[in-house]
Amino acid sequence: MAQGAAGREGPAPPDAAGGEDDPRVGPDATGDCVAAASGGRMRDRRSGIVLPGAAGTPADSEAGLLEAARATPRRSSIIKDPSNQKCGGRKKTVSFSSMPSEKKISSANDCISFMQAGCELKKVRPNSRIYNRFFTLDPDLQALRWEPSKKDLEKAKLDISAIKEIRLGKNTETFRNNGLADQICEDCAFSILHGENYESLDLVANSADVANIWVSGLRYLVSRSKQPLDFMEGNQNTPRFMWLKTVFQAADVDGNGIMLEDTSVELIKQLNPTLKEAKIRLKFKEIQKSKEKLTTRVTEEEFCEAFCELCTRPEVYFLLVQISKNKEYLDANDLMLFLEAEQGVTHITEDICLDIIKRYELSEEGRQKGFLAIDGFTQYLLSSECDIFDPEQKKVAQDMTQPLSHYYINASHNTYLIEDQFRGPADINGYVRALKMGCRSIELDVSDGSDNEPILCNRNNMTTHVSFRSVIEVINKFAFIASEYPLILCLGNHCSLPQQKVMVQQMKKVFGNKLYTEAPLLSESYLPSPEKLKRMIIVKGKKLPSDPDVLEGEVTDEDEEAEMSRRMSVDYNGEQKQIRLCRELSDLVSICKSVQYRDFELSMKSQNYWEICSFSETEASRIANEYPEDFVNYNKKFLSRIYPSAMRIDSSNLNPQDFWNCGCQIVAMNFQTPGPMMDLHTGWFLQNGGCGYVLRPSIMRDEVSYFSANTKGIVPGVSPLALHIKIISGQNFPKPKGACAKGDVIDPYVCVEIHGIPADCSEQRTKTVQQNSDNPIFDETFEFQVNLPELAMIRFVVLDDDYIGDEFIGQYTIPFECLQPGYRHVPLRSFVGDIMEHVTLFVHIAITNRSGGGKAQKRSLSVRMGKKVREYTMLRNIGLKTIDDIFKIAVHPLREAIDMRENMQNAIVSIKELCGLPPVASLKQCLLTLSSRLITSDNTPSVSLVMKDSFPYLEPLGAIPDVQKKMLAAYDLGQGDLLKNAKNEAIENMKQIQLACLSCGLSKAPSSGAEAKSKRSLEAIEEKESSEENGKL
């Protein structure tokens, strides 16, 4: 590793450095990890979101010039309200990480070496001052030292033996109360708690990488402070190296301890297929050059060294060390706690964990002994078991018995086209593609053909066409491959009466009894459900009056035709074109009869539930802006179909989110045109098994609910959530297609976009990482408030930062409801929507409640409680005095319930703060973190879990320090008293506490009878609460 001392400056004289009393405060006080923003010229990019610029001060003049040259906000059309850009404009920056690029951290030995070389850290004081200090670890590993300092050299140090705890992030009172805390990056901050009173030494590194090195190294030292420190002898005896030696020896057929470089390269590629051959060869040359040798043969030691440097992802190593309690492997118990506390996996057992170890651990020794080393853990995190997409949503998981109008329906526009709609040829593959993608509403634009054979063609390009028969045969073949739920055929009929009859004959022959022709029942008020219509084909079109004696008649042409004529013809006079329709074709139309929209008042009075209106994009946008509530109410009962404007001659796509927000079910998309809008559409319909039907939010379905798409802030009746996303790293980013200015080098950055109702739309972006496509480290955390989670989507976009224009690398769009919490890999898709092999983002996801909305509070509990304005749920009068008077009595109980919930949540936040954990942590993680404090020097617990009145309390078993007393007092307030009243959340919290205490050894070892009694007591809580609730009702 390039030594951290390379950037070291000599101790400044007292009058320059000023000792402890002369802080170097100002723009450079927090280095690269201080959040800043910059403005600049506008420039387009592929992501599709607006990011406004702001002003900021660079860390130094050289960096400032470079950042000013590169800083450029990006333009787009998805988010229309710039006030929702919560990030305030992130600069396009160059990453000046102090983490050497030549050498990766792959072991505790690497961390210790880095710490011994030393580096500059920022020391944060409670008085809001920040000092630049150079920190080193003593060669004997016994103390941490810093300089310059007015203190005696022997006093400007911290003994490793005095360290009680190391916290990553801004999780101490010093950080929470520091005036500059908001400018300090969460991932660059860490604290060292020491002494009996748990005093804190609060530090800020120049990058998240460096912070992780210090935290991992110090934790390793502290955990082994009572053991001989023999790990400095090297890594040759670790389980990983023993496995690599076995692999090498198996490939070394001659048994000479050396092999050809070609063989070594091939062997490493077999172990890690994502590595490029050129990179492996270059690494061997670097290793051999450092040893002043030049040969085409590789020794066992060189093979192991090359593999570790190439295949160790530092961010995964730091995570493994953290969750394994500073070991370099996970046992079954470590893995179990990780899956429960971080990944949110329920019903996990030791046997399940051992099975995971057996499937992913690469070494035979690890599989037999039940431990998961870094390589197996990396493979597990990359597996489908750690995918960001909830596996439950990969199958049909929603109620499919609701009326058809209660679902969003995957819909295609001009399905027969594979190019633009102006001159693109008709192609049967358009139907194959759409149906394989789960599309449930397709379009057939049928015209007269030769030899009395109807055809489908683009009427702007009549030279290429496909026969109607061949199209419906393909539809029949692929209709129910991706989904068994009903398929809607939107029939654009431009045929003469004789060829209309041919169409009917062909459809009946090909589709047979799949055609749904049952007459709608007048006794019903809603359309049938998708479940009832399984494997049925529904024809949407015009219909003649019900008089059976009328064999043919005139009907208005489809609204799209009128729109096209109005836009494209100077002679258009506003009259609807009339076409002749035969009775046979009319009879095929049942529950999707096309009618023209007039206004909502007329529609709500006279429109039948089986009638459907089509709206042009322009008309639907006007209605959505002027009558958003009426549009939502209309769509509770009737189907609405939205099609793109006729002016989109390039077949570009509208933004489907604008119309989903109003409850419109069928938003037709040009499947042949990739881009941000199609990304949203494809991502949205991945949920519910990709069946093409997604149940709309209940607030858009319930008759008595009230919702407007233009709602600002909290949606009545819906609890807002806080989404915490940490972008950790990327893997194997390809060079953007068509980019040639920079050779093979890319400078990636990541944008996180939130799509949903206007109040939720937002975007944030990471810094730019220069010249790293293999494993760029971002380590940035963002927080978003989501007011209507059921309608929200998250889009991850990776771009190449370039002066000329940011190039698209990959994206992934996922519905909020499909997110899995914890550490996840995001599989990126290409521009055209294909999954790119081995190209991923590594992220951490956490979702928390956010009652009352607003930014997360960063001050202490007392400040927060004093300043926060509590928001109460309000009841809306409906105008009926009797009903309004009845519900008035609910106002006071609602306020009490909100007060109770807020008090409990504030108490739990206080506990998390005292534990040094962020708001996203669970109570189980709190107890696990505190376990080291609550275990005495002779390895016995200083507190015990006891049940009082079926509620858990922590009781001291003797004299305990004041710091622990404060923590226990906060716990008793939060869990012992308030939780008794906040019942729903209390049960889950109590279970987490009991499991955590049992796993940490904080509970007295119970007999089997006592254990059973403890389990029964928790079950009794649930039963008792249920009965009490029923009694009160």
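Because the structure is predicted, anything quoted here is derived from the model rather than measured. (Residues numbered from 1 in each chain as written. Predicted model: local features only at pLDDT ≥ 70, side-chain atom pairs only at ≥ 80, totals over all residues. Heavy atoms only, no water.)

A. Quick look at the overall build of the protein. Helix and strand counts for the protein come out as 31 helices and 36 strands. Of the contacts formed within the protein by residues at least 6 apart in sequence, a portion of 71% connects residues at least 24 apart. As displayed, the protein offers around 44,900 Å² of accessible surface, 51% of which is attributable to carbon and sulfur atoms. (Helix = DSSP H or I, 4+ residues; strand = E, 2+ residues; numbered from the N terminus. Contact = heavy atoms within 4.5 Å. Areas by Shrake-Rupley, 256 points an atom, 1.4 Å probe, with all protein chains shown as cover.)

B. Local environment of the confidence of the model for the protein. The predicted model of the protein has a mean per-residue pLDDT of 78, with 74% of residues at 70 or higher. Per-element mean pLDDT across the protein ranges from 31 in helix α25 (residues 861-867) up to 97 in strand β26 (residues 693-695). Across residues 226-234, where pLDDT falls below 50, the model places 14 contacts with residues more than four positions away in sequence or in other chains. In this model, residues 851-868 is a region of pLDDT below 50 whose contacts with residues beyond four sequence positions or in other chains number 33 contacts. (pLDDT = per-residue confidence, 0-100.)

C. Here's a closer look at the nonpolar core. Counting 81 residues, the largest nonpolar core has Leu444 and Ile475 as the members making the most contacts within it. For this core, the domains that each give at least three residues are domain 3 (407-567 + 576-700) and domain 4 (721-849). Beyond its immediate stretch of four places on either side in the chain, Leu444 contacts Tyr431, Leu456, Phe468, Val471, Ile472, Ile475, Leu489, Cys490, Leu491 and Gly492. (Core = buried A, V, L, I, M, F, W, Y, C linked by side-chain atoms within 4.5 Å. Buried < 20%, exposed > 50% of the residue type's maximum accessible area, 1.4 Å probe, protein only. Domains from an automatic or database assignment.)

D. Seen up close, helix α22 (residues 628-635). Buried residues of α22: Pro628, Phe631, Val632, Tyr634 and Asn635, and no others. Angular distribution of buried residues about the axis of α22 spans 160°; they occupy a single face of the element. In the core, the buried residues of α22 are packed alongside α20 (600-606), β23 (611-616), α21 (617-626) and β24 (639-643). (Arc of directions from axis to C-beta.)

E. View of the pattern of salt bridges. Summed over all chains, the structure comprises 36 salt bridges. Residue Arg240 is joined to Asp375 by a salt bridge in which the shortest nitrogen-to-oxygen separation is 2.8 Å. You can see Arg240 sitting in helix α6 (residues 239-251) and its partner Asp375 sitting in helix α14 (residues 374-382), a full 135 residues away along the chain. Residue Arg240 is classed as buried on the basis of its relative accessible area, which comes to 8%. Classification of Asp375 as buried rests on a relative accessible area of 8%. Of the charged contacts, one joins Arg580 and Glu552 as a salt bridge, the two residues approaching to 2.7 Å between their closest N and O atoms. Linking Arg580 in strand β21 (residues 578-582) with Glu552 in strand β20 (residues 552-556), this pair joins segments that are 28 residues apart in sequence. Linked through salt bridges whose partners overlap, the residues forming this network are Glu261, Asp262, Glu277, Arg281 and Lys285. (Salt bridge = Lys/Arg side-chain N within 4 Å of Asp/Glu carboxyl O.)

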